[in-house]
Amino acid sequence: MFTGIIEELGHVRSVEKRGENARIVIEARTITEDGHDGDSIAVNGVCLTALETTPESFAADVSKETLLRSTLGSLRTGSPVNLERAVTPATRLGGHLVQGHVDARESFFKRESWRIVDLSLRVPKEIGRYLVFKGSIAVEGISLTIANLTDDYFEVAIIPKTLEVTNFSRLQPGDEVNLEVDVIAKYVERMLAAQIPGAKSALT
């Protein structure tokens, strides 16, 4: 479990194809300070298991399913990646509950560069019902608030600090990003579906 508060901007050192799967090695220093093999680390919002952890890097195996469903399949040597360690009982919940399970990926079609950058993304049909105005969404693993919402698109506002410490400063219109909706909405849907005959849930 994560909070969507990025701790470090790492960089991909290497990507090794292993059949339909892959192993990636990521350069990092902050999140590896107390790191151990087996730790959960969110990479661009995808929960991965750390392997071969050193003070300056860690490796992770990525399955075919994850490569297809997320943007990790497009990572290359030098790609910047958002990193966050899993929460502990003493962690401050500065963002919202993030599982590290990507629900959809989408390219954003507009970026307005003011002091606070506005990003506009189309609403993927599989997650539209979970989005609410002023609700939470994780974009590339970053906890953000939906600032505007229509049936076709939603907008999020990125403050300068977030641009500085994440990969958002490198993204351009047309680039794909990982999206994860608030898991609480999924559980509410599941519970309501159980009480309404014929109702369907995304979790069934």
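Bear in mind the structure is a predicted one, so any value in this text is a computation, not a measurement.

Applying the stated criterion to the full structure yields 2 cavities of 30 Å³ or more. Considering only enclosed or pocket space, the largest cavity measures out at about 40 Å³ in volume. Taken together, Val-15, Lys-17, Ile-24, Leu-67, Leu-72, Gly-73, Leu-75 and Arg-76 form the lining of the largest cavity. For the lining of the largest cavity, the per-class residue count stands at 5 nonpolar, 1 polar and 2 charged. Estimates place the volume of the second largest cavity at around 30 Å³. If you trace the second largest cavity, you find it lined by Ile-6, Ala-42, Asn-44, Gly-45, Asn-82, Leu-83, Glu-84, Glu-140 and Gly-141. It is strand β7 (residues 80-85) that provides the largest number of residues to the lining of the second largest cavity, a total of 3 residues.

The subject of this paragraph is the sheet that holds strand β4 (residues 46-49). Strand order in the open sheet formed by 7 strands is β4-β3-β7-β1-β2-β6-β5, and the pairing between neighbours is antiparallel. Two strands in the sheet have a free side with no partner beyond their single neighbour: β4 and β5 (51-54). Within the sheet, the average angular offset between the axes of one strand and its neighbour, ignoring direction, is 35°. In the sheet, strand β1 (residues 8-18) pairs with strand β2 (residues 21-27) via 7 bridges, with the strands oriented antiparallel. Each residue of the ladder has a partner; that of Val-15, found in β2, is Ile-24.

Turning next to the side chain of Asn-167. Here Asn-167 shows up in the loop between α2 (160-165) and β13 (176-181). In contact with Asn-167, other than residues within four places in its own chain, are Leu-9, Asn-44, Pro-80, Asn-82 and Glu-140.

The sheet built from 6 strands closes into a barrel, its strands ordered β8-β9-β12-β11-β10-β13 with antiparallel pairing. Taking the axes of each pair of neighbouring strands and ignoring which way they run, one obtains an average angle of 45° across the sheet.

We now examine the packing of aromatic side chains. Given two aromatic rings, their pairing is described by the distance between the two centres and the angle made by the two planes. Tallied over the full model, the rule gives 1 aromatic pair. With 6.0 Å between their ring centres and 90° between their planes, Phe-109 and Tyr-153 make a pair best called edge-to-face. Of the two residues, Phe-109 is situated in strand β8 (residues 104-112) and Tyr-153 in strand β12 (residues 153-158); the sequence distance between them amounts to 44 residues. Of the residues examined, Tyr-153 reaches a relative accessible area of 27% and is grouped as partly exposed.

The next subject is the pairing of β7. Counting buried residues along β7, 5 of its 6 residues qualify, which places the element largely inside the surrounding structure. Across 4 bridges, the pairing between β1 and β7 is antiparallel. Each residue of the ladder has a partner; that of His-11, found in β7, is Pro-80. Across 3 bridges, strand β3 (residues 40-43) lies against β7 in antiparallel orientation. Each residue of the ladder has a partner; that of Ile-41, found in β7, is Arg-85.

Okay, the pairing of strand β10 (residues 136-139) next. Pairing of β10 with strand β11 (residues 142-149) involves 4 bridges; the strand directions are antiparallel. Its bridge partner lying in β11, Ser-136 is registered against Thr-145. Hairpin remark: β10 followed by β11, antiparallel, with 2 residues in the connecting loop; positive phi at Glu-140, about 60°. Summarising the sheet, β10 and β13 pair through 3 bridges and their orientation is antiparallel.

This next bit is on the nonpolar core. Of all hydrophobic cores here, the largest spans 24 residues; its most connected members are Phe-154 and Phe-168. Those elements giving two or more residues to this core turn out to be β8, β9 (117-122), β10, β11, β12 and β13. With residues up to four places along the chain from it excluded, the contact list for Phe-154 reads Leu-119, Ser-120, Leu-121, Arg-122, Val-123, Leu-131, Ile-137, Ile-146, Asn-148, Leu-149 and Leu-179. Counting 20 residues, the second-largest nonpolar core is a separate cluster that includes Val-12, Ala-50, Val-62 and Leu-75.

What counts, and where the lines are drawn
- Residues numbered from 1 in each chain as written.
- Predicted model: local features only at pLDDT ≥ 70, side-chain atom pairs only at ≥ 80, totals over all residues.
- Heavy atoms only, no water.
- 1 Å grid on protein atoms, 1.4 Å probe; cavity = no way out; pocket = protein on both sides within 12 Å on 5 of 7 lines; lining within 4 Å.
- Points joined across faces, edges and corners; volume = space filled by probe spheres on them.
- Nonpolar A, V, L, I, M, F, W, Y, C, P; charged D, E, K, R; others polar.
- Helix = DSSP H or I, 4+ residues; strand = E, 2+ residues; numbered from the N terminus.
- Pairing = 2+ DSSP bridges.
- Axes fitted to C-alpha atoms, helices over the stretch in contact; angles between N-to-C directions.
- Contact = heavy atoms within 4.5 Å.
- Phe/Tyr/Trp six-rings, centres within 6.5 Å; stacked < 30°, edge-to-face > 60°.
- Buried < 20%, exposed > 50% of the residue type's maximum accessible area, 1.4 Å probe, protein only.
- Core = buried A, V, L, I, M, F, W, Y, C linked by side-chain atoms within 4.5 Å.

In short, the description is geometric, and any link to function would need to be established separately.
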